[in-house]
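# Geometric and topological summary
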Amino acid sequence: MSDILRIKSITQFHEILGLPSPNHPLISLIQDSDVKNLEFDDDLFEIRFSSSMYTIMFKDKISGSLGYGRNSYDYQEGTLIFANPNQVFTTPKKEDLKGKEGWTLLFHPDLLLKSNLYNQMESYTFFDYEVNEALHLSKKEEQYITNIIDQIKTEYSQNIDKHSQNLILSNLELFLNYCMRYYDRQFYTRTNLNTDLVGDFRSKLKAYFKSEQIVKKGLPSSNYFGKMLNMSPNYLSDLLKKETGIGIKEHIDAYVVKKAKNILLSSNQTVGEIAFTLGFEYPQSFTRMFKKKTGYSPNEYRAMN
C-alpha cells in the first residue's frame with residue numbers, strides 16, 4: 001500500500017485499532033497487550049501512516065542489535081522512541097506483534113495550548129531524533145518513568161475536574177524532563193564513542209572548507225553533517241553540546257571566524273573576497289556574523305592588528 005494513512009485524532013486511532021473510545025480526546029496510553037490479541041484485517045499490517053499527535057513508544061527488551069550512528073549495539077533494557085506530529089511510521093508485521101511488551105503514549109498538540117509546556121516543546125529535541133537514536137533505560141529509570149506514565153493515565157481516566165488538565169500536563173512535563181536527564185546520561189556514558197564522533201565531525205568540517213563545495217554550495221548546513229555522520233541533525237548537535245559545549249551551528253561559525261581572522265591578517269583580500277571564499281553569498285552577511293562573534297567588523301579587526 002503506497003498511500004499514507006493520515007490519523008488526525010486519538011479517537012480515530014482507537015477506532016482503527018478496534019479499541020474502546022478514549023477516556024480523554026487529546027491523550028491516550030495504549031498498552032501493547034491491549035492490541036496484540038485483537039484480530040486485524042491483513043491490510044492493516046505493514047502500511048505507512050502518520051498521526052497528528054506526539055508519539056512516545058516504549059519497547060521492552062529489544063532483541064538483537066540496534067544501529068547507533070555507524071555502529072551496532074545489543075540492548076537488553078527498555079527503549080523509548082519519540083516522534084513529532086506528522087512523522088511517518090510503518091505498522092509492524094503480523095508476527096512482530098507476538099510476545100512484545102510495551103506501550104504507546106499519544107497526545108495531541110491541542111492538549112498543550114495555553115500551557116507553559118506548549119512553549120517548551122522545542123527544547124525536547126529528542127522528538128526529532130531518528131529511531132536508531134532511541135533512549136535506552138536502566139531498570140531503575142524504567143521504573144521511574146513507568147510510575148509517571150501510570151499517574152498520567154490515572155488522571156485522564158477518572159472523572160475530569162478543574163485540576164485534571166494541570167495535573168496531566170505537570171506529569172507529562174515531569175516525564176519529558178526526566179527523559180532529557182536520561183538522554184544526558186546516555187551521552188555521558190558513551191564518552192569514548194562520542195569523542196570519536198566529535199573528532200570525525202571536526203575533520204569533516206575542515207575538509208568541507210578545503211573542498212570546492214564551499215564555493216559551489218556555500219556554508220555547510222546541520223543536515224549536511226547529519227547525513228555525513230549518519231545521524232539526525234538534532235542528535236548530532238546535542239551530542240556536540242554535551243562533549244564540547246556548543247552545537248553544530250556554533251562550531252561552523254567558530255571555524256569561519258577562525259579562518260576569517262587568519263585571512264584578514266595574512267592577505268590583502270577585500271572583505272567581499274573573503275566572504276565569497278568562506279561560502280557567503282553576500283558580504284553583509286559575513287560582516288554581520290563576524291561582528292556578532294568578535295565585537296568588531298572585519299575591517300576594524302584588521303586595522304587593530
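Everything numeric here is computed off the predicted structure, so don't read it as measured data.

One face of the sheet, then the other: side chains in a regular strand alternate in exactly this way. Of all five residues in strand S2 (residues 27-31), four are buried; the element is thus mostly enclosed. Strand direction decides the pairing type here: S2 and strand S9 (residues 102-107), joined by five bridges, are antiparallel. When the sheet's bridge partners are listed, Ile27 is paired in S9 with Phe107.

Taken in spatial order, the five strands of this open sheet run S2-S9-S4-S7-S10, and their pairing is antiparallel. Lying at the two open borders of the sheet, with one neighbouring strand each, are S2 and strand S10 (135-136). Both strand S7 (residues 79-83) and S10 contribute to a ladder of two bridges, which runs antiparallel. Within S10, the position partnered with Leu80 by the bridge is Leu135. Across the sheet, helix H1 (residues 10-17) is in contact with S2 and S9; its angle to S2 comes to roughly 25°. Sitting on the sheet, helix H4 (residues 139-157) is in contact with S2, strand S4 (54-59), S7, S9 and S10, with an inclination near 125° to S2.

Further remarks concern the pairing of S7. Along S7, five of the five residues are buried, which leaves the element largely enclosed by surrounding structure. Residue alternation in S7 divides its side chains into two sets, Thr79, Ile81 and Ala83 and Leu80 and Phe82, and both sets are buried. Here S4 pairs with S7 via five bridges, running antiparallel. Paired with Ile56 across the two strands is Phe82, which belongs to S7.

Right, let's talk about the nonpolar core for a bit. Formed by 66 residues in total, the largest nonpolar core has its most connected members in Leu80, Phe107 and Phe175. Leaving out residues up to four positions away in the same chain, Phe107 has contacts with Leu26, Ile27, Met53, Tyr54, Ile56, Leu112, Met121, Phe127 and Leu172. Formed by 15 residues, the second largest nonpolar core is a distinct cluster that contains Leu17, Leu19, Ile81 and Ala83.

Within this structure, the stated rule accounts for eight salt bridges. In this structure, Arg185 and Glu141 form a salt bridge, with 2.7 Å as the shortest nitrogen-oxygen distance. Of this pair, Arg185 sits in helix H5 (residues 164-189) while Glu141 is found in helix H4, placing the two residues 44 residues apart along the sequence. For Lys216, the salt bridge identified is with Glu212, shortest N-O distance 3.2 Å. Lys216 gets classed as exposed once you look at its relative accessible area, which sits at 66%. Via salt bridges that share partners, Lys249, Asp253 and Lys293 belong to a single interconnected network.

Confidence along the chain averages 85 in pLDDT terms, with 85% of residues attaining 70 or more. For the chain, the element scoring lowest by mean pLDDT is strand S5 (residues 65-68), at 38; helix H12 (residues 283-294) scores highest, at 95.

Here the focus is a positive patch on the surface. Residues Arg202, Lys206, Lys210 and Lys258 make up a contiguous surface patch of positive charge. Examining the composition of the positive patch, we find that three residues originate from one element, helix H6 (residues 191-210), more than from any other. For Lys258, the location among the structural elements is in helix H10 (residues 248-266).

The rules we used
Residues numbered from 1 in each chain as written. Predicted model: local features only at pLDDT ≥ 70, side-chain atom pairs only at ≥ 80, totals over all residues. Heavy atoms only, no water. Buried < 20%, exposed > 50% of the residue type's maximum accessible area, 1.4 Å probe, protein only. Helix = DSSP H or I, 4+ residues; strand = E, 2+ residues; numbered from the N terminus. Pairing = 2+ DSSP bridges. Contact = heavy atoms within 4.5 Å. Axes fitted to C-alpha atoms, helices over the stretch in contact; angles between N-to-C directions. Core = buried A, V, L, I, M, F, W, Y, C linked by side-chain atoms within 4.5 Å. Salt bridge = Lys/Arg side-chain N within 4 Å of Asp/Glu carboxyl O. pLDDT = per-residue confidence, 0-100. Patch = residues over 30% accessible without salt bridge, like charges linked within 9 Å, V, L, I, M, F, W, Y side chains within 5 Å. Areas by Shrake-Rupley, 256 points an atom, 1.4 Å probe, with all protein chains shown as cover. Lys, Arg positive; Asp, Glu negative; His and termini not counted. Charge placed at Lys NZ, Arg CZ, Asp CG, Glu CD.

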